[in-house]
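Here are the chains, one letter per residue:
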Amino acid sequence: MRIDCPLCGTRDRREFYYSGHATALARPAPDAGAQVWDDYLHNRENPAGVTEDLWHHEFGCGAWLAVRRDTVSHAVLSARLVKGDQL
Amino acid sequence: MRVAGKGLIDRNRVLRFTFGGQSFEGFAGDSLASALLANDQRLIGRSFKYHRPRGIVTAGSEEPNALVTLERGFAREPNSRATMQPLYDGLVARPQNAWPSLKFDVLAVNDVLAPFLSAGFYYKTFMWPRKFWEWVYEPAIRQAAGLGALSKRYDHELYEKAYAHCDVLSSAPDPLGLWRL
Amino acid sequence: MAGMRLPIESHVLQAFVTEGLKPCIDHVISFGMGHFYISQSDKGGLVFGGDLDMYASYAARGNLPMVEHVAEAGMTLMPMIGKARMLRSWGGIMDMTPDGSPIIDKTHIEGLYLNAGWCYGGFKAVPASGHCFAHLLATDRPHSAAARFRLDRFRSGRGLMDEEGTGAQHNLH
């Protein structure tokens, strides 16, 4: 599996650390309540198809990427940089 | 069995090898299979379950029958296809899945039962008495299964990677010669 | 289908089988530090595997980096298996929960019960999990042995069964 880092180019999957679903970017307000926080931290769509994950280019530039890929075919569709203040 | 004057072998370089304890000669450029055929060796192995006699059927990687164990020092490489092994001087190959010898294999008696055993017979057998499974049936089945055997001894072959340990690792230069003690 | 989102992420776990060999390993060996396990089937093949590929996947096959990692762990543990040939490799879909423990519970939907999230330990647990689940279906109350496998333990934070002590986070199990 290769991921196109916008800064470094196409790199092997081994250079990246997989964090989880990109839903992590939509952080709720601290007082949003237990149900909202539970959804944010634990509950997942988990699709068999196109999904968006967060990958950290650990052994490269260190950038965080939001990668759209297909969980059935492992095709990597796109990768974009995630802005720092979104994490 | 060789055609005189033809082939990709170098008839000037003779290589010696053994198969099943017997010594043979071949030429540089032979595969183990071609050298065995040149020496009129047709029986190379035995089939998995019924121990039927098996010989070389192909000239390449698709070979299903001529599976031998190659030995080099303590290293043993089981299930090697004779058609894929280039011959080298001192090659030691042993047949697999036959005891005590390829020609006289005790388990070939299974073939006598073959007409009475349908495909998948083992799904309905070996069930009674229950205790026999762990102590009688399974050990016997495990011993009879498999073709080649791994060597459990340390082999001195060279590998690309190693997982090695030491107490102290120094990668600094050694001007005082301390590490040459 | 029921419109529910579950605390489950599906990851892929690869497994491998070698060609048939005479008996050389007579029990299951687990190499914790290498995330590696190996045993020998009755047919002679060595069955072994390692860690998850560590990304969400339904492909039922993994990628080569993990194959190399598993082979390295195997060679570290017992170099003799290096001479055997890998005959088959495949990947299974593991339903991973944040704390690595399963969910046997009813849902907020009438008549819908869950027995999921077994991560990579489900096969061994089949008889007991089936028994507990049958009890839940028949009596609408959890079996005492499975009483802690609640769906809401992630929301409440109570009763998390986290075998590695790493916390209830998806990518840590």
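The written sequence of each chain sets the order in which its residues are numbered from 1. All chains are assigned letters beginning with A, and all ligands numbers beginning with 1, in the order in which they are written. With pLDDT at 70 or above as the cut-off, local features in this predicted model cover only qualifying residues; side-chain atom pairs require 80 or more to be listed or tallied, and sums for whole chains, interfaces and linings still use all residues.

## Re the overall build of chain A
Here is step 1: Looking only at helices and strands, chain A has one helix and six strands in total.
Here is step 2: Once C-beta atoms have been placed from the backbone, residue pairs whose C-beta atoms lie within 7 Å are recorded as contacts. Across chain A, every contact between residues at least 6 apart in sequence was considered, and the portion connecting residues at least 24 apart equals 51%. Strands are runs of DSSP state E lasting at least 2 residues, helices are runs of H or I lasting at least 4, and numbering of each runs from the N terminus.

## Things to note about the nonpolar core
Burial of nonpolar side chains together is a common tendency in soluble globular proteins.
Here is step 1: As used throughout, a nonpolar core is a set of buried Ala, Val, Leu, Ile, Met, Phe, Trp, Tyr and Cys residues joined through C-beta atoms within 7 Å of each other. Counting other C-beta atoms within 10 Å of its own, a residue is labelled buried from 20 upward, exposed at 12 or fewer, and partly exposed in the gap between, with every C-beta atom placed from the backbone. One finds Phe17, Leu32, Ala33, Leu36, Ala66 and Ala82 of chain B to be the most contacted residues of the largest nonpolar core, which totals 19 residues.
Here is step 2: For this core, the element with the most residues is helix 1 (residues 32–38) of chain B, which contributes five residues.
Here is step 3: Residue contacts for Leu32 of chain B: discarding those within four places in its chain leaves Ala82, Gln85, Leu87, Leu91 and Ala93 of chain B.
Here is step 4: Within the second largest apolar cluster, 12 residues are counted, among which are Leu150 of chain B together with Ile38, Phe48 and Ala84 of chain C.

## Brief notes about the confidence of the model for chain C
Residues and elements named next belong to chain C.
Here is step 1: Values of pLDDT, ranging from 0 to 100, describe the predictor's confidence in every residue of the model. In this model, chain C carries a mean pLDDT of 90, and residues with pLDDT of at least 70 account for 100%.
Here is step 2: Taking the mean pLDDT of every element in chain C, the minimum, 88, falls on helix 3 (residues 153–156) and the maximum, 95, on strand 3 (residues 36–40).
Here is step 3: The ipTM, which scores confidence in the relative placement of chains, is 0.84 for this predicted complex, and the corresponding pTM is 0.82.

## Description of the domain arrangement of chain C
Residue and element names in this part refer to chain C.
Here is step 1: Domain boundaries shown here were taken from an automatic or database domain assignment. By domain assignment, chain C separates into domain 1 (9–96) and domain 2 (103–162).
Here is step 2: Distance between the C-alpha centres of domain 1 and domain 2: 29 Å.
Here is step 3: In this complex, domain 1 contributes four residues to the contact, which on the side of domain 2 involves five residues.
Here is step 4: At three residues, strand 5 (residues 86–96) tops the list of elements feeding residues into the side of domain 1 that touches domain 2.
Here is step 5: Looking at the side of domain 1 that touches domain 2 residue by residue, the class counts come to three nonpolar, no polar and one charged. We call Asp, Glu, Lys and Arg charged. Ala, Val, Leu, Ile, Met, Phe, Trp, Tyr, Cys and Pro are nonpolar, and the rest, Gly among them, are polar.

## What to know about the interface of chain C and chain B
Here is step 1: Contacts between the two partners involve 15 residues from chain C, matched on the other side by 18 residues from chain B.
Here is step 2: Grouping the amino acids of the side of chain C that touches chain B by side-chain chemistry returns six nonpolar, three polar and six charged.

## A word on the pairing of strand 4 (residues 45–56) of chain C
The side chains of a regular strand alternate, first on one face of the sheet and then on the other.
All names here are of chain C.
Here is step 1: Here strand 4 lies mainly inside the structure; nine of its 12 residues are buried.
Here is step 2: Whether two strands pair depends on DSSP finding at least two bridges between them. In this sheet, strand 4 lies alongside strand 1 (residues 9–20) in antiparallel orientation, the contact comprising six bridges. Within strand 4, the position partnered with Gly20 by the bridge is Gly45.
Here is step 3: As defined by bridge partners, strand 3 adjoins strand 4 across four bridges and the pair is classed as antiparallel. Bridge pairing links Ile38 to Phe48 in strand 4.
Here is step 4: In this structure, the hairpin formed by strand 3 and strand 4 is closed by a connection of four residues, where Gly44 is found at a positive phi of approximately 110 degrees.

## Examining the interface of chain A and chain C
Here is step 1: Taken residue by residue, the interface counts 22 residues in chain A and 20 residues in chain C.
Here is step 2: Considering each element in turn, the side of chain A that touches chain C owes the most residues, four residues, to helix 1 (residues 34–41) of chain A.
Here is step 3: Along the lines of polarity and charge, the residues of the side of chain A that touches chain C split into five nonpolar, 10 polar and seven charged.

## Some remarks on the sheet that holds strand 5 (residues 67–72) of chain B
All names here are of chain B.
Here is step 1: Strand order in the open sheet formed by five strands is 2-1-7-5-6, with mixed pairing between adjacent strands. In the strand order of this sheet, the two ends are held by strand 2 (22–28) and strand 6 (75–81), each with one partner. Strand-to-strand twist in this sheet, taken as the mean axis angle between neighbours without regard to direction, amounts to 35 degrees.
Here is step 2: Both strand 5 and strand 7 (residues 91–95) contribute to a ladder of four bridges, which runs antiparallel. In the strand pairing of strand 7, Glu71 is matched with Val92. Where helices are involved, their axes are fitted lines through C-alpha atoms of the stretch in contact, as for all axes, and angles between N-to-C directions lie from 0 to 180°.

## Considering the arrangement of the chains
Here is step 1: Most contacts, when the two pairs of chains in contact are compared, are made between chains A and C.
Here is step 2: Between chain A and chain B there is no contact, and the shortest C-alpha to C-alpha separation is 19 Å.

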